[in-house]
Amino acid sequence: VNFLGKCIYDEYVLPMEPVTDYRTRFSGIRPFNLTRKNGAKNFKIVRIEVMEIINGRLLIGHDVEKDLDVLSLCHPEENIRDTVKCGYLFENDEKLRKYSKGKHSLKKLTKALFDIDIQIGEHDSIDDAKAAMRIYRKLKTQWEESLDNEFENSDDLISRFHQVRINGIPRYVCDDCWRNGSYLN
């Protein structure tokens with residue numbers, strides 16, 4: 001979703017190996033969702049489309065590292081706002097202090113911050129993305145100020161990236177992806 005919560009990308013991906021448990025109760029995914037007939041896309045196409053969407057932008061979500069791992073993608077740490085890691089922003093808030101340590105579910109954070117219940121029954125990826133974006137919008141000023149302090153001494157930040165051309169388009173790739181070549185997949 002974009003900053004205003006409008007869905008900009010939501011795709012099913014054709015499995016690259018047999019699925020043994022769809023975890024429909026949690027995922028909302030059923031076997032027919034992951035078929036070419038119903039519009040599921042090839043993994044490499046989805047990966048490229050996601051790369052094009054997030055390149056040069058803030059990536060906001062919940063437990064984003066897992067999503068990036070599944071897609072074999074890297075994204076600059078300073079351009080990620082992961083709501084699973086925002087707990088430190090609650091240290092001075094009496095009501096939310098219990099969320100200042102450890103990782104907390106999107107469901108619990110959304111309930112604590114907005115008194116809204118999500119993920120009742122099957123999960124919906126768009127609803128989850130909207131909840132993460134809503135958390136970011138609420139905490140944006142405080143979050144960005146804390147990061148400004150963290151990165152203000154990083155003059156050599158760009159030196160941690162390598163410029164490459166992917167499909168003729170210049171991109172910056174983080175050191176880890178550069179070394180292991182995962183940006184080529």
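This text follows the structure it describes.
All figures in this text were calculated on a predicted structure; none of them were measured in a lab.

1. Some words on helix α2 (residues 43-54)
Helix length check: α2 (twelve residues) gives 16 Å between terminal C-alpha atoms against 16 Å at 1.5 Å per residue, within 8%. Among the residues making up α2, those that are buried are Phe-43, Val-46, Arg-47, Val-50, Met-51 and Ile-54. For α2, the arc enclosing every buried residue in end-on projection is 140 degrees, short of the 170-degree limit, so these residues lie on one face. Put simply, Asn-42 is the residue that caps the front of α2, since its side-chain oxygen is 2.7 Å from the backbone nitrogen of Lys-44.

2. Some words on a positive patch on the surface
Side chains of Lys-95, Arg-134, Arg-137 and Lys-138 sit close together on the surface and give a patch of like positive charge. We classify Lys-138 as partly exposed; its relative accessible area is 47%.

3. So, the pattern of salt bridges
In this structure the tally under the stated criterion is eight salt bridges. With its nearest N and O atoms 2.9 Å apart, the salt bridge here joins Lys-41 to Glu-49. A single network of salt bridges, built from pairs that share partners, joins Glu-11, Lys-41 and Glu-49.

4. Side note on unusual backbone geometry
Most peptide bonds are trans, and most residues other than glycine sit at a negative phi. A positive phi is found at Asp-63, a non-glycine position, where the angle reads about 60 degrees. Relative to the elements of secondary structure, Asp-63 occurs in the loop between β1 (59-61) and α3 (64-70). Despite not being glycine, Gln-119 shows a phi value in the positive range, around 60 degrees. Topologically, Gln-119 is positioned in the loop between α4 (106-114) and α5 (125-151). Classification of Gln-119 as buried rests on a relative accessible area of 17%.

Thresholds applied
- Residues numbered from 1 in each chain as written.
- Predicted model: local features only at pLDDT ≥ 70, side-chain atom pairs only at ≥ 80, totals over all residues.
- Heavy atoms only, no water.
- Helix = DSSP H or I, 4+ residues; strand = E, 2+ residues; numbered from the N terminus.
- Expected span 1.5 Å × (residues − 1).
- Buried < 20%, exposed > 50% of the residue type's maximum accessible area, 1.4 Å probe, protein only.
- Arc of directions from axis to C-beta.
- Polar contact = N/O pair within 3.5 Å; in protein donor to acceptor, adjacent residues only side chain to side chain.
- Patch = residues over 30% accessible without salt bridge, like charges linked within 9 Å, V, L, I, M, F, W, Y side chains within 5 Å.
- Areas by Shrake-Rupley, 256 points an atom, 1.4 Å probe, with all protein chains shown as cover.
- Salt bridge = Lys/Arg side-chain N within 4 Å of Asp/Glu carboxyl O.
- Lys, Arg positive; Asp, Glu negative; His and termini not counted.
- Charge placed at Lys NZ, Arg CZ, Asp CG, Glu CD.

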